[in-house]
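Breakdown of the fold
The residues making up each chain are set out below.
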Amino acid sequence: LGTHLSGGSVTYLACAPTGRGVRRSRVQDRARFGVWVGFGAMLRGVMVVDPTQHSILLVGPRVVHLRPFFERRRYRVVAVNKGVEGMAALDTREHHIVLLELNLGDLTATEFLMAARQAHADVTFLLIDDQSKAGQIVKAMQAGLDGYLATPPDEDRLFFEVERHLAFRGSNGVMTGP
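Fair warning: this is a prediction, and the values are worked out from it, not measured in the lab.

What follows concerns the sheet that holds strand 8 (residues 147-150). Backbone-to-backbone hydrogen bonds join strands into a sheet, with any given pair of strands oriented parallel or antiparallel. With parallel pairing, the five strands of this open sheet are ordered in space as 5-4-6-7-8. Each having just a single partner strand, strand 5 (76-80) and strand 8 make up the two edges of the open sheet. Across the sheet, the mean angle from the axis of one strand to that of its neighbour is 20 degrees, orientation sign disregarded. Of the pairings in the sheet, the one linking strand 7 (residues 124-129) to strand 8 comprises four bridges and is parallel in character.

Written out as structure tokens, the structure reads:
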């Protein structure tokens, strides 16, 4: 599927086979990759994955404030303020997605990703931070980031991305049509 960055009403994708960036509308992306549920099903609130079967790790002093949003949707959540605490949490418990920010207090997101990717290749890493830090975001992408969301994250968009990544990983979620 590749990596994508959202900018306004357009999604930018770096396609895995060619490595070239492609610019398409989100509707075209949904149709092309078939990873997203049908738009009608999405409007009816069809859940793509079972949140009770997935664990989310939140790493960073601002990202930890997203914990109540995940708990309200019944995800298992661990939230830590520092990068070293996040590494320890990754080593002690299975997590499916790690949401982090660029500055983790004791580590940068790039340092965290370089260490975490080696030991946890099957975990999805998503960054949530200010899009004005584009240079640092690109470095984090090169270090193994799977996706990016601009702050402040829209709640629906945040959970759509989380569920899309969980479904794409081949987890317990079953893709449904309209």
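So that's the structure; there's more coming.
A separate point is the packing of aromatic side chains. All told, the structure shown has four aromatic pairs when counted by the stated rule. Consider the rings of Phe70 and Tyr75, whose centres lie 5.7 Å apart with planes at 75 degrees: the pair is edge-to-face. The same class applies to Phe70 as to Tyr75, namely buried. Ring geometry for Tyr75 and Phe159: centres 6.2 Å apart, planes at 25 degrees, overall stacked. Of this pair, Tyr75 sits in the loop between helix 3 (67-72) and strand 5 while Phe159 sits in helix 7 (residues 155-168), and the two are 84 residues apart along the sequence. Its relative accessible area of 1% is what places Phe159 among the buried residues. One aromatic cluster in this structure is built from Phe70, Tyr75 and Phe159. The ring centre of Phe159 lies 4.0 Å from the NZ or CZ of Arg73, which sits over that ring.

Among the secondary structure elements, His95 is positioned in the loop between helix 4 (83-92) and strand 6 (97-100). For His95, a relative accessible area of 3% translates into the label buried. Only 3.4 Å separates the side chain of His95 from the backbone oxygen of Ala89, close enough to count as a polar contact. Leaving out residues up to four positions away in the same chain, His95 has contacts with Ser55, Ile56, Leu57, Val78, Ala89, Leu90 and Val123.

Cut-offs used in this document
Residues numbered from 1 in each chain as written. Predicted model: local features only at pLDDT ≥ 70, side-chain atom pairs only at ≥ 80, totals over all residues. Heavy atoms only, no water. Pairing = 2+ DSSP bridges. Helix = DSSP H or I, 4+ residues; strand = E, 2+ residues; numbered from the N terminus. Axes fitted to C-alpha atoms, helices over the stretch in contact; angles between N-to-C directions. Phe/Tyr/Trp six-rings, centres within 6.5 Å; stacked < 30°, edge-to-face > 60°. Buried < 20%, exposed > 50% of the residue type's maximum accessible area, 1.4 Å probe, protein only. Lys NZ or Arg CZ within 6 Å of the ring centre and 35° of its normal. Polar contact = N/O pair within 3.5 Å; in protein donor to acceptor, adjacent residues only side chain to side chain. Contact = heavy atoms within 4.5 Å.

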